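Structural overview for review
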Amino acid sequence: MTLAVRVPPELSARVPAEQRGPGLGRDSVRLLVSRGTEVAHHAFRELPGLLRAGDLLVVNTSPTLAAAVDGELGHARVVVHFSTRGDDGRWAVELRDPDGRGTTRPRAGGPAGARVQLPGGVRLVFEEPLSADGERLWWVRASGPGVPGMLREHGRPIRYSYTERDQPLSAYRTVFALDSADGSGSAEMPSAARPFTARMVAELVSRGVQFAPVTLHTGVASAEAHEPPYPERFAVPEASARLINAVRAGDGRVIAVGTTAVRAVESAVGADGAVRARAGWTDLVITPERGVRVVDGLLTGLHEPEASHLLMLEAVAGRAAIGRGYEEALRGRYLWHEFGDVHLLLPAEDPHTQHRSCNVR
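Residues numbered from 1 in each chain as written. Predicted model: local features only at pLDDT ≥ 70, side-chain atom pairs only at ≥ 80, totals over all residues. Heavy atoms only, no water.

Counting residues in each nonpolar core, the largest one holds 41 residues, and the members touching the most others are Ile244, Val275 and Trp336. Contributing elements (two or more residues each) for this core: strand S3 (56-60), strand S11 (210-216), strand S12 (232-236), helix H4 (238-249), strand S13 (254-257), helix H5 (259-266), helix H6 (309-317) and helix H7 (319-331). In terms of residues, this core owes the most to one element, H6, which gives 5 residues. With near-sequence residues (within four places) excluded, Ile244 lies in contact with Leu56, Val58, Ala212, Val254, Val265, Val275 and Val294. If you look at the next biggest cluster of nonpolar residues, it comprises 30 residues, including Leu73, Phe82, Val93 and Met150. (Core = buried A, V, L, I, M, F, W, Y, C linked by side-chain atoms within 4.5 Å. Buried < 20%, exposed > 50% of the residue type's maximum accessible area, 1.4 Å probe, protein only. Helix = DSSP H or I, 4+ residues; strand = E, 2+ residues; numbered from the N terminus. Contact = heavy atoms within 4.5 Å.)

See the structure below:
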């Protein structure tokens, strides 16, 4: 799905909400609510009143890594974006050129055998492209001290040109983030959950809203090319699988917080429609043709008109709802990207008669 809209540059959120004025917090963002093609405007702090007892929020616990590191390729200065840690110890990385403004511009990866020197004595050797369809991401093998420690000491969060300045890693971590024992995490923040605060979580729990944690370590997005997602590591714990199934059997709604949570939970559903504990790699690409089997609603950020994520949104809510919502977001001057406003997609009808009967493929 490609939206026939243009997002003006001034609608890019350049700094986190809590830095836009005194007394503001992470939850000081706006919330666009779509129920089918009906759209309403809210503050994010009103979310507890928009959900109901028995609803379930599926949240991604992946921590954001300080995944950008300066390096040297021969005599050239480069920036390495660490994307995905493989089971064989290699990392998928994206090579970028510094643009002189604190951000980067695209650069071809490789070739095979190319070596990049990083701080702390870490050296990368390029081995092969991640995908036969392109050479943006390459598998590299690291020698010297471990990559996770090097990232903690010398890395910084990946930053794109629409942001105003570098931010500390804490600005890119959500309230649900849990550090991984092996140092794995997300190259880019699971940003739909960023507006949540501990106080908001407590209020939701007090109102009977439940939480199901899952994990999906998201890699480096294709900021310029908007490629479809590639395989990513995920885990759906047994307790979360049981909780999701129980809510689906009752009257509650399963609402994913972010497209990463959708991909994780939809990767763990069997042919019988039940969610089971599962961990590993998922190459699932959710499209309107595939549909969704578990998720009734979605809380997500506002995506670029060309982004492949829009196909997932269409699978959850339908093309008409997404088109109408984005028209309203533009008209209402909502803010885009990871520090921006959020969009809650709820079913126009009871979930038991909508997605569960129509969208199973």
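Attention now moves to the sheet that holds strand S2 (residues 38-43). Pairing is mixed across the open sheet formed by 9 strands, whose spatial order is S2-S1-S16-S15-S13-S3-S11-S12-S14. Because the sheet does not close on itself, it has two edges, and the strands there are S2 and strand S14 (278-282). Across this sheet, the average inter-strand angle for adjacent strands is 20°, counted without regard to direction. The pairing of S11 with S12 spans 2 bridges and is antiparallel. Looking at S12, one finds that Leu216 is bridged to Phe234. (Pairing = 2+ DSSP bridges. Axes fitted to C-alpha atoms, helices over the stretch in contact; angles between N-to-C directions.)

Right, let's talk about the packing of H5 against H6 for a bit. Helix packing for two helices is described by the angle between their axes and how far apart those axes are. Close contact between H5 and H6 brings their axes to 11 Å; oriented N to C, the two are set at 65°. Between H5 and H6, the interaxial angle falls into the category roughly perpendicular. For H5 against H6, the interelement crossing comes out left-handed. Note on element contacts: H6 touches H5 through His309, Met312 and Leu313, opposite Thr259, Val262 and Arg263. Looking at the contact of H5 with H6 residue by residue, the classes come out as 3 nonpolar, 2 polar and 1 charged. (Parallel < 35°, antiparallel > 145°, perpendicular 65-115°, else oblique. Left-handed = near helix turned anticlockwise from the far one by under 90°. Nonpolar A, V, L, I, M, F, W, Y, C, P; charged D, E, K, R; others polar.)

A word on the pairing of strand S10 (residues 134-143). Pairing geometry for strand S6 (residues 91-98) and S10, over 4 bridges, is antiparallel. By the bridge assignment, Ala92 is partnered in S10 with Trp139. Summarising the sheet, strand S9 (residues 123-131) and S10 pair through 7 bridges and their orientation is antiparallel. Residue Leu124 lies in a different strand from S10, and its bridge partner there is Ala142. Connecting the antiparallel pair S9 and S10 is a turn made up of 2 residues.

What follows concerns empty space enclosed by the protein. Scanning the entire structure with this criterion turns up 2 cavities of 30 Å³ or more. Every residue along the wall of the largest cavity is listed here: Leu65, Ser83, Thr84, Arg85, Trp91, Ser184, Gly185, His217 and Arg233. Top contributing element to the lining of the largest cavity by residue count: strand S5 (residues 76-85), with 3 residues. Of the residues contributing to the lining of the largest cavity, the split by class is 2 nonpolar, 5 polar and 2 charged. Approximately 40 Å³ is the volume attributed to the second largest cavity. As for the second largest cavity, its lining consists of Ala17, Arg26, Val29, Ser191, Arg194, Pro195, Glu338, Phe339 and Gly340. Looking at the lining of the second largest cavity residue by residue, the class counts come to 4 nonpolar, 2 polar and 3 charged. (1 Å grid on protein atoms, 1.4 Å probe; cavity = no way out; pocket = protein on both sides within 12 Å on 5 of 7 lines; lining within 4 Å. Points joined across faces, edges and corners; volume = space filled by probe spheres on them.)

Our next topic: the layout of surface pockets. The space that makes up the second largest pocket amounts to roughly 340 Å³. Lining the second largest pocket are 15 residues, and of these Leu130, Ser131, Glu227, Pro228 and Tyr230 lie nearest its centre. Only S9 and S10 provide two or more residues apiece to the lining of the second largest pocket. Among the elements that take part in the lining of the second largest pocket, S10 stands out by supplying 5 residues, more than any other. Residues that form the lining of the second largest pocket fall into these classes: 8 nonpolar, 3 polar and 4 charged.

Now for H5. Most of H5 is tucked away: 8 of the 8 residues are buried. Those residues of H5 that fall on the buried side of the exposure criterion are Thr259, Thr260, Ala261, Val262, Arg263, Ala264, Val265 and Glu266.

Buried residues dominate strand S15 (residues 297-301), accounting for 5 of its 5 residues. Pairing analysis gives 3 bridges linking S13 to S15, with the strands arranged parallel. Following the sheet pairing, Ala256 is matched in S15 by Leu298. As paired strands, S15 and strand S16 (residues 342-346) are joined by 4 bridges and run antiparallel to one another.

In low-pLDDT regions, the fine details of the predicted coordinates are not to be read closely. Scored by pLDDT, the chain comes out at a mean of 91, with 94% of its residues at no less than 70. For residues 351-361, every residue scores under 50 in pLDDT, and the model assigns this stretch 37 contacts once sequence neighbours within four places are set aside. (pLDDT = per-residue confidence, 0-100.)

To continue, consider the packing of aromatic side chains. Two descriptors summarise a pair of aromatic rings, namely the distance from one centre to the other and the angle between the planes of the rings. Taken as a whole, this structure holds 8 aromatic pairs when the rule is applied. On the numbers, 5.8 Å between centres and 40° between planes, the contact of Phe176 with Phe211 is tilted. Of the two residues, Phe176 is situated in the loop between helix H2 (147-154) and helix H3 (198-206) and Phe211 in strand S11; the sequence distance between them amounts to 35 residues. A network of ring pairs unites the aromatic residues Phe44, Phe176, Phe196 and Phe211 as a single cluster. A cation over a ring is seen here: Arg30 above Tyr334, with NZ or CZ 3.9 Å from the ring centre. (Phe/Tyr/Trp six-rings, centres within 6.5 Å; stacked < 30°, edge-to-face > 60°. Lys NZ or Arg CZ within 6 Å of the ring centre and 35° of its normal.)

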